[in-house]
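# Observations on the three-dimensional arrangement
Take a look at the letters that make up each chain.
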Amino acid sequence: MVGQHFIRFLQGHPWFDLKWLGASDRSAGKKYRDAMNWNLAGGVPESVADLTVQDSKPGSAPKLLFSAMDASVATEIERAFAEAGHVVVSNSRNHRMERDVPLLVPEINADHLKLVPAQKARGWKGQIVTNPNCSTIGLTMGLGPMQQFGIEKQSFGDSTAEFAV
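Rules and cut-offs
Residues numbered from 1 in each chain as written. Predicted model: local features only at pLDDT ≥ 70, side-chain atom pairs only at ≥ 80, totals over all residues. Heavy atoms only, no water. Buried < 20%, exposed > 50% of the residue type's maximum accessible area, 1.4 Å probe, protein only. Helix = DSSP H or I, 4+ residues; strand = E, 2+ residues; numbered from the N terminus. Pairing = 2+ DSSP bridges. Right-handed = clockwise from strand over helix to strand, strands pointing away. Phe/Tyr/Trp six-rings, centres within 6.5 Å; stacked < 30°, edge-to-face > 60°. Axes fitted to C-alpha atoms, helices over the stretch in contact; angles between N-to-C directions. Core = buried A, V, L, I, M, F, W, Y, C linked by side-chain atoms within 4.5 Å. Contact = heavy atoms within 4.5 Å. Lys, Arg positive; Asp, Glu negative; His and termini not counted. Salt bridge = Lys/Arg side-chain N within 4 Å of Asp/Glu carboxyl O. Polar contact = N/O pair within 3.5 Å; in protein donor to acceptor, adjacent residues only side chain to side chain.

### As for the pairing of strand β3 (residues 64-67)
Residues Leu 65 and Ser 67 point to one face of β3 and are all buried, whereas Leu 64 and Phe 66, pointing to the other face, are not buried. Inspection of the sheet shows β3 paired to strand β4 (residues 87-90) by 4 bridges, in the parallel sense. Residue pairing across strands places Phe 66 opposite Val 89, the latter belonging to β4. For the crossover that starts at β3, traverses helix α4 (residues 71-83) and ends in the parallel β4, the hand is right-handed.

### Details of the packing of aromatic side chains
Inspection of the entire model under this criterion finds 5 aromatic pairs. Ring geometry for Phe 6 and Phe 66: centres 5.7 Å apart, planes at 45°, overall tilted. Remark: Phe 66 occurs in strand β3 and Phe 6 occurs in helix α1 (residues 2-10); sequence separation between them is 60 residues. Ring geometry for Trp 15 against Phe 16: centres 6.5 Å apart, planes inclined by 65°, an arrangement best described as edge-to-face. You can call Trp 15 exposed: its relative accessible area is 72%. Look at Phe 16 and you get partly exposed, because its relative accessible area is 29%. Members of the aromatic cluster, connected to one another through ring pairs, are Phe 6, Trp 15, Phe 16 and Phe 66.

### Comments concerning the sheet that holds β4
Across the sheet, which stays open at both edges, the 3 strands sit in the order β3-β4-β5 with parallel pairing between neighbours. Taken across any chain shown, the strands that pair with only one partner, and hence form the sheet edges, are β3 and β5 (127-130). With strand direction ignored, the average angle separating the axes of adjacent strands in the sheet is 20°.

### What about the nonpolar core?
Formed by Ile 7, Leu 10, Leu 18, Leu 21, Tyr 32, Met 36, Trp 38, Leu 40, Val 48, Leu 51 and Val 53, the largest nonpolar core amounts to 11 residues. Residues within four places of Leu 21 in sequence aside, it is in contact with Ile 7, Tyr 32, Val 48, Leu 51, Thr 52, Val 53 and Gln 54. Judged by nonpolar contacts, the second largest core, of 9 residues, contains Ala 61, Phe 81, Val 101 and Trp 124.

### Some words on the side chain of Arg 96
Here Arg 96 is to be found in the loop between β4 and α5 (106-109). In this structure Arg 96 is buried but unpaired, with Glu 78 as the nearest side chain of opposite charge at 9.1 Å. Within the local environment of Arg 96, its side chain forms a polar contact with the backbone oxygen of Asn 91, the two atoms lying 3.0 Å apart. Among the polar contacts listed, one links the side chain of Arg 96 to the backbone oxygen of Asn 131, at a separation of 2.6 Å.

Here it is in structure tokens:
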């Protein structure tokens, strides 16, 4: 479903042109419309329906990849792409706690992209950026604007929540 949402978000985007789809070897070689079950309203967008799904390996993949891989396979595959020089924007949890991988909510902490150059120490030619899980993004978007007021604690009845601002 995450991959389908990525496709939907990228449709008609002024900066991105979706030309490559990667998946497991089970789906590689098939037309996208035949390789998956589309679950979003409106059906498979025609712009991707006839794209041939590629094996999720570096090579013919574009420089920038939006990854919606399952956590059970994401670590090795995303690292292989980063090692080969690709920029991977990952939605999986696998890299979220690594010190040199930005956990990015662009509207709130775009400055965390400063971590990316440290990934060169891994020997990678590319990089990985990831996002927090969906519940954290919602909280961050709500609390982030409060940083300007210096809020550090908020009381809720008998309990106090600590905010890192």
